[in-house]
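Given next are the chains, with one letter for each unit.
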Amino acid sequence: KVFAVWMKVMAQNKKTKLWLLNFSKAAYKYLRKEAERRKVDGSRLVFHSKFPKHSELLVKAHADLFLDTPLFNAHTTGGDVLWAGIPLVTLPQENFAQRVAAGVVESVGLE
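Just so it is clear, the model here is predicted, and its values are computed rather than measured.

Definitions and limits used
- Residues numbered from 1 in each chain as written.
- Predicted model: local features only at pLDDT ≥ 70, side-chain atom pairs only at ≥ 80, totals over all residues.
- Heavy atoms only, no water.
- Helix = DSSP H or I, 4+ residues; strand = E, 2+ residues; numbered from the N terminus.
- Polar contact = N/O pair within 3.5 Å; in protein donor to acceptor, adjacent residues only side chain to side chain.
- Contact = heavy atoms within 4.5 Å.
- Core = buried A, V, L, I, M, F, W, Y, C linked by side-chain atoms within 4.5 Å.
- Buried < 20%, exposed > 50% of the residue type's maximum accessible area, 1.4 Å probe, protein only.
- 1 Å grid on protein atoms, 1.4 Å probe; cavity = no way out; pocket = protein on both sides within 12 Å on 5 of 7 lines; lining within 4 Å.
- Points joined across faces, edges and corners; volume = space filled by probe spheres on them.
- Nonpolar A, V, L, I, M, F, W, Y, C, P; charged D, E, K, R; others polar.

> Help me out: how do you make sense of the side chain of D68 in this one?
Considering the arrangement of structural elements, one finds D68 in the loop between β3 (66-67) and α4 (76-83). In this structure the side chain of D68 is engaged in a polar contact, spanning 2.7 Å, whose partner is the side chain of T90. With near-sequence residues (within four places) excluded, D68 lies in contact with W6, N73, A74, L88, V89, T90 and A101.

> Help me understand the nonpolar core in this model?
Taken as a class, soluble globular proteins show a tendency for nonpolar side chains to be buried jointly. With ten residues, the main nonpolar core is built from F3, W6, M7, M10, L18, L20, A35, V40, L45 and F47. Where this core is concerned, the elements lending two or more residues are α1 (2-12), β1 (18-21) and β2 (45-48). Sort the elements by how many residues they give to this core and α1 lands first, with four residues. When neighbours within four sequence positions are excluded, L20 is seen to be in contact with W6, L31, L45, V46, F47 and H48.

> Hey, could you run me through the environment of N73 in this one?
Tracing the sequence through the fold places N73 in the loop between β3 and α4. A relative accessible area of 2% means that N73 is categorised as buried. Taking the C-alpha atoms as reference, N73 lies 20 Å from S24; in sequence the two are 49 residues apart. Residues contacting N73, with those up to four places away along its chain left out, are D68, T90, A97, Q98, R99, V100, A101 and A102.

> Honestly, the layout of surface pockets in this entry has me stumped. Any pointers?
Space left empty within the atom packing is revealed by a probe, the size of a water molecule, rolled over the atoms. A volume near 1,500 Å³ is recorded for the largest pocket. Forming the walls of the largest pocket are 43 residues, and the residues nearest its centre are W19, L20, L21, F66 and L67. With five residues, the single largest contributor to the lining of the largest pocket is α1. The residue makeup of the lining of the largest pocket, split by class, is 22 nonpolar, twelve polar and nine charged. Space inside the second largest pocket adds up to approximately 180 Å³. Taken together, K1, V2, V5, W6, V9, L67, D68, P70, V89, T90 and L91 form the lining of the second largest pocket.

Now the structure itself:
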C-alpha cells in the first residue's frame, strides 16, 4: 500500500524522485517494474548503497521531503534528515518500531 501511494504522488509530480537503499538486485528490478506498471518512469527510483558517515548528512540535505514507512519507522535516519533540515512525514502505528519517527518529530517540536 505504501509503495502504491508513493507512486500516485510521483505520477502527479513529474520532478520527484524516490531514493531507496539498494538491498538486492531482485528488489531493484521488481520495484522499477512496479513503478513502470503504475505509469512512473522506473529511472525516477534512485537506488544507492549506504553513504559514508562523513557525507551522509550532506547527501540527505538534497532531499525536499522524507517519507517514512509505517511498518518500520526511521530511527537514526529520521534524526539525520531533521538535522539536515528536511521535513519528515510519518504515520505512527501501534508497536515501538512503528512510532519511533513520530517520537523524533515530536521531541523537536515539529508535530
